[in-house]
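Analysis of the macromolecular model
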Amino acid sequence: MSSASGFSGDETAPFFGFLGAAAALVFSCMGAAYGTAKSGVGVASMGVMRPELVMKSIVPVVMAGVLGIYGLIIAVIISTGINPKAKSYYLFDGYAHLSSGLACGLAGLSAGMAIGIVGDAGVRANAQQPKLFVGMILILIFAEALALYGLIVGIILSSRAGQSRAD
């Protein structure tokens, strides 16, 4: 503890907290980017054959874009919880924030990969057989739910920060 600087807690702990915030945003946005790109390729390819279905087939692209918002939410929650000059910030808090960011970010990355693959194949298949649309949407919803689970766990883990010691 360095009393000269007014810092309380472990001086390396904020590194882990900020790493968690960065991980949440970066990994979630990587999932969103992959899902958007992969689904977008499918929409463009399908649009050549059936241009009237392009707007209906944009659903996977929108669902992939939401993944980045989940990472942004967790990154903001984590970064607002890191203020070692106002309240002691220990390694427990840094690790809680790191695990929160990794849970949300990696769940968003995996969901984005699933949405991209399903979206690409789904919109192409929908162009050939319109009855597949509802099935594609259901699969996309379950893939999106994976990221939502990561967001929920990330919020719970982030709320554990600050509970390591009684100040």
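Residues numbered from 1 in each chain as written. Predicted model: local features only at pLDDT ≥ 70, side-chain atom pairs only at ≥ 80, totals over all residues. Heavy atoms only, no water.

- Looking at an unreviewed UniProt entry, the protein carries the name V-type proton ATPase proteolipid subunit, with the source organism given as Deinandra increscens subsp. villosa.
- In UniProt, the protein has this text filed under Sequence similarities (unreviewed entry): "Belongs to the V-ATPase proteolipid subunit family." (UniProt positions renumbered as here; feature names shortened; annotations may be inferred.)

1. A look at the overall build of the protein
- The number of helices and strands found in the protein is four helices and zero strands.
- Across the protein, helices and strands are ordered from the amino to the carboxyl terminus as α-α-α-α.
- On C-alpha atoms alone, the protein measures out to a radius of gyration of 20 Å, which is more than a quarter above the 15 Å that the 2.2 N^0.38 rule sets for 167 residues.
- A principal-axis box enclosing the C-alpha atoms of the protein has dimensions of 70 × 20 × 15 Å. (Helix = DSSP H or I, 4+ residues; strand = E, 2+ residues; numbered from the N terminus. Rg over C-alpha atoms; globule rule 2.2 N^0.38 Å.)

2. Side note on the pattern of salt bridges
- Under the criterion given, the structure shown has three salt bridges.
- Residue Lys-38 pairs with Asp-120 through a salt bridge whose shortest N-O separation is 3.5 Å. With Lys-38 in helix H1 (residues 13–49) and Asp-120 in helix H3 (residues 91–128), this residue pair connects regions lying 82 residues apart in the sequence.
- We classify Lys-38 as partly exposed; its relative accessible area is 30%.
- The exposure class assigned to Asp-120 is buried, which follows from its relative accessible area of 10%.
- With its nearest N and O atoms 2.7 Å apart, the salt bridge here joins Arg-50 to Glu-52.
- Here Arg-50 falls in the partly exposed class, since its relative accessible area comes to 27%. (Salt bridge = Lys/Arg side-chain N within 4 Å of Asp/Glu carboxyl O. Buried < 20%, exposed > 50% of the residue type's maximum accessible area, 1.4 Å probe, protein only.)

3. What to know about the packing of H1 against H3
- Two numbers describe how H1 lies on H3: the axes approach to 7 Å, and their chain directions differ by 5°. Here H1 is positioned roughly parallel relative to H3, judged by the angle of their axes. (Axes fitted to C-alpha atoms, helices over the stretch in contact; angles between N-to-C directions. Parallel < 35°, antiparallel > 145°, perpendicular 65-115°, else oblique.)

4. A few points about the state of the cysteines
- Under the definition given, this model contains zero disulfides.
- No disulfide involves Cys-29; its nearest neighbouring cysteine sulfur is the one of Cys-104, lying 10.0 Å away.
- What makes Cys-29 partly exposed here is its relative accessible area of 35%. (Disulfide = S-S within 2.5 Å.)

5. Some words on the UniProt feature "transmembrane region" (unreviewed entry) in the protein
- Under the UniProt annotation, "transmembrane region" (unreviewed entry) lies at residues 15–37, 58–78, 98–120 and 132–157.
- Strand forms 0% of residues 15–37 and helix 100%; the C-alpha atoms that close the span are 32 Å apart.
- As a span, residues 58–78 carries 95% helix and 0% strand, and end to end its C-alpha atoms are 32 Å apart.

6. Quick word on the packing of aromatic side chains
- Counted under the stated rule, the structure contains two aromatic pairs.
- With a centroid separation of 5.3 Å and 75° between ring planes, the pair formed by Phe-15 and Phe-16 is classed as edge-to-face.
- Look at Phe-16 and you get partly exposed, because its relative accessible area is 21%.
- Among the aromatic side chains, those forming a connected cluster through ring pairs are Phe-15, Phe-16 and Tyr-95.
- Positioned above the aromatic ring of Phe-133, the side-chain terminus of Lys-56 is 4.5 Å from the ring centre. (Phe/Tyr/Trp six-rings, centres within 6.5 Å; stacked < 30°, edge-to-face > 60°. Lys NZ or Arg CZ within 6 Å of the ring centre and 35° of its normal.)

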